[in-house]
Amino acid sequence: MAVFARLISSRFMRSVLRTAVPLVVVLVAVMVVGAVMAPDGRGATYRLLVNFLITVVIVVALQMFTGNSGIVSWGHAAFVGIGAYSTAWFSVPMVIKEDIFPGLPAWMMGAEWGLVPCLLVSTAIGALAAAVVGLAICRMKETAMAMSTLGLLVIAHGIYSNWEGWTRGTEGVYALPTNTTIYIACGFACLAVLLAVMFKYSRVGLRLQASREDPLSAESTGVSVVRARYFAWVASAAMSALAGSLWAQFNLAFGPAQFYYAQVFAILSMLVIGGLATVSGALVGAGITTVIFEVLRGVENEGNLFGIEVPQISGLAQMILALITLLILIFRPNGLLAWWELDGWIVKARDRFWKGGRKLAPDAGEKGGE
Amino acid sequence: MSEERPLLRLDGVTSGYGPIVAVRDASLEVRSGEIVALLGANGAGKSTLLMTVAGLVRPTAGNIELDGSRIDGLKPEEIVRRGVALTPEGRGIFSHLTVADNLRIGAAVRKDRAQIATDAEEMCTLFPILGERRRQLAGTLSGGEQQMLALARSLMSRPRLMLLDEPSLGLAPRIVAQIFEMLRKLPERGVTVLLVEQNVSLALDIAQRGYVMASSELQLSGTAAELRSAVDLEQVYLGSAGDAPEPAATGGR
Ligand SMILES: Nc1ncnc2c1ncn2[C@@H]1O[C@H](COP(=O)(O)OP(=O)(O)OP(=O)(O)O)[C@@H](O)[C@H]1O
Ligand SMILES: [Mg+2]
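This report concerns the structure included in the present document. Not measured: the values here are computed from a predicted model. (Residues numbered from 1 in each chain as written. Chains lettered and ligands numbered in written order. Predicted model: local features only at pLDDT ≥ 70, side-chain atom pairs only at ≥ 80, totals over all residues.)

Overview of the overall build of chain A
Keep this limit in mind: Counting from the N terminus, the helices are DSSP H or I runs at least four residues long and the strands are E runs at least two residues long. Here the globule rule is a power law, 2.2 Å times the number of residues to the power 0.38, and the radius of gyration is based on C-alpha atoms. Here the C-beta atoms are placed from the backbone, and a residue counts as buried if at least 20 other C-beta atoms lie within 10 Å of its own, exposed if 12 or fewer do, and partly exposed otherwise.
Counting secondary structure elements, chain A contains 17 helices and two strands. Against the 2.2 N^0.38 benchmark of 21 Å for 370 residues, chain A shows a C-alpha radius of gyration of 21 Å, consistent with a compact globule. Each principal axis of the C-alpha distribution contributes one length, and for chain A these read about 65 × 55 × 45 Å. Taken across its 370 residues, chain A has 48% of its residues classed as buried.

Now the structure itself:
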């Protein structure tokens, strides 16, 4: 108890809470909307909101690595896939498993685990895979590292598509249990946000950010850049795998195509639009992108924009998203939130309001970590 | 030459980048409590020499000893832990972190948390401007303030030896004077200095001894007074081969 009290009163924890609380409020609001609109846990809106909350976990996980290290990872979808497949191995009913995963060993054949064990095992497998791959990747120079994550994505896709006995190849997996509810998705989204904010303000997070700003200078200051990157790589991959498990237990059927370029592009777009450097940016980007996708999907599939009939155009959502991402990169290269967390924006807005729009000094303001 | 063991000793150090040799067979000594200047034209290899000592560039030959024990081949982190701090050319501050966070990272190799906080306070007395700007993003500081931050960040690791790479780069004379006044006092704090400078007269004002580097080699050494009067110095700098016995400094890049 005393330890807990000290933790809360510490400057670190105050910064963490100041940044995380507004984000948690947003996530809980989304949950409440979903729970009120669809108390039976059905319908398109409910599905949209739950998928949004799971997407938040995926984007926040990527932010932990890419946002703090400045190294773009094209490979995180591979870890989402690891989480999803691991969950399938341990949760699909045995009768179906014998048919779709003939390669599984006997002890795994019999496993019909629930939500929590599946989440745990998926996270562990994701972390393990990242720990192994990271030994090679994290030693590389920045650009080589980004390239090799792309290689990782392609290799993982090759495995998911061809390892018939364990993945059923391109035909995909089905018959997973529906365990993820909006409450569970929200709980993990909040946890992901909290962990990512804690990481950002932690010692290792700070060092990683220093290496993002100037790797050589960070190294000469005594930061072990490789170690910081490795830590973030494994942690963020584990969180991605967790998200994959949540996602699989909500969407029930999937195939290798669900963890490939289109998804990677969507996740990265969310991060770029909201702002790489902040956890708030990940959340804002996920929100904006989800809304855009939803509106455009109406156009794409039904020729329907806010109830108005418009011509059907396929591939429109992807194209518009790409266009928006480009525009952001051109006009606001650090994303909508740039270097400020939401709490910083709230403070700035409050100050503007009280001080009659006086332009504030380019101060980090209530930026945490201090 | 005193019999005392030097704090830093380079013996026949050769280093560079892949096939490029930027430092050839360099031998030098820095004794505890000294300020030693390392002078030379652009591209002479001064920065490379400092980075080699700091462990950022691996030497291909020779020994580097800190207080009698070999440090060549160690990781930069370990070298910082042993008391060597490099303030890199162009400062290398972390632009999108706050001033306070920059200082905190300066103490990355230390574990004594309470003492770190006290030291950060002390940096803010040493450089009052940093105290005023502690919550500001470091990239929004002026050039002079950034240089002060870079120095303060180096001091945060509690170094015995500071390697300073052109602290006057791009700064107005008034600020440079202020910074050099502070550098002059470093030995009183127990910090020995190896200073790379383009501004020869300023450097020799605060240094007791110096070395001159040209074409990747240390070509001249002596006390500050000797170097000041050395005719070759101008030649090494201006690169006018003329009647200079040494090969003229190459323009490098
Ligand atoms: N990263 C690098 N890769 C390859 N060559 C390099 C690199 N850095 C420096 N060099 C080369 O090494 C030589 C020495 O460079 P160095 O930066 O040490 O010179 P310097 O004396 O510090 O010059 P200046 O006064 O301009 O800072 C130059 O010829 C330069 O082109
Ligand atoms: Mg240089």
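As for the sheet that holds strand β1 (residues 8-17) of chain B
Residue and element names in this part refer to chain B. The cut-off we apply is this: Should DSSP find at least two bridges between two strands, the strands are regarded as paired.
Spatially, four strands are ordered β2-β1-β4-β5 in an open sheet, and the strand pairing comes out antiparallel. Bordering the open sheet on either side are β2 (20-30) and β5 (69-70), each of which pairs with just one other strand. As judged from the six bridges shared by β1 and strand β4 (residues 59-66), these two strands associate in the antiparallel manner. In the strand pairing of β4, Ser15 is matched with Pro59.

Quick word on the sheet that holds strand β6 (residues 84-87) of chain B
Residues and elements named next belong to chain B. Put simply, the rule reads: Axes here refer to lines fitted to C-alpha atoms; in helices the fit is confined to the stretch in contact. Angles between the N-to-C directions go from 0 to 180 degrees. Remark: residues whose backbone-derived C-beta atoms lie within 7 Å of one another are considered to be in contact.
Read across the sheet, six strands follow the order β6-β7-β8-β3-β9-β10 without closing on themselves; strand pairing throughout is mixed. Edge positions in the sheet fall to β6 and β10 (217-223), since each of these pairs with one other strand and no more. Across the sheet, the mean angle separating the axes of adjacent strands is 15 degrees when strand polarity is ignored. As defined by bridge partners, strand β3 (residues 35-40) adjoins strand β9 (residues 209-214) across five bridges and the pair is classed as parallel. Bridging from a neighbouring strand, Leu39 pairs with Val212 of β9. In the packing of helix α1 (residues 46-54) onto the sheet, contacts are made with β3, β6, β7 (161-165), β8 (192-197) and β9, and the angle to β7 comes to roughly 150 degrees.

Comments concerning helix α6 (residues 143-155) of chain B
Residue and element names in this part refer to chain B. Formally: One fewer than the residue count of a helix, multiplied by 1.5 Å, yields its expected span.
In a regular helix each residue adds 1.5 Å, so 13 residues correspond to 18 Å; α6 covers 18 Å between its end C-alpha atoms and thus fits that length. Most of α6 sits out of view: 11 of its 13 residues are buried. Regarding α6, the residues found buried are Glu145, Gln146, Gln147, Met148, Leu149, Ala150, Leu151, Ala152, Arg153, Ser154 and Leu155. Those residues of α6 that are buried are in contact with β6, α3 (99-106), α4 (113-126), α5 (128-132), β7 and α7 (173-184).

Comments concerning the packing of helix α11 (residues 203-213) of chain A against helix α13 (residues 225-251) of chain A
All names here are of chain A. Heads up, the rule is: Should the near helix be turned counterclockwise from the far one by less than a right angle, the crossing is left-handed, whereas a clockwise turn marks it as right-handed. The nonpolar class holds Ala, Val, Leu, Ile, Met, Phe, Trp, Tyr, Cys and Pro. Asp, Glu, Lys and Arg form the charged class, and all remaining residues, Gly among them, are polar.
Across the interface, α11 lies against α13 with an axial gap of 9 Å and an inter-helix angle of 115 degrees. Considering only the axes of α11 and α13, their crossing is left-handed. Seen from α11, the contacting residues are Val204, Arg207, Leu208 and Ser211; seen from α13, they are Val225, Ala228, Arg229, Phe231 and Ala232. Looking at the contact of α11 with α13 residue by residue, the class counts come to six nonpolar, one polar and two charged.

Examining the interface of chain B and chain A
Taken together, the 27 residues of chain B in the interface contact 22 residues of chain A. Listing elements by their share of the side of chain B that touches chain A, those giving two or more residues are α2 (76-81) and α3 of chain B. Ranked by residues supplied to the side of chain B that touches chain A, first place goes to α3 of chain B with five residues. When its residues are assigned to classes, the side of chain B that touches chain A shows 13 nonpolar, eight polar and six charged.

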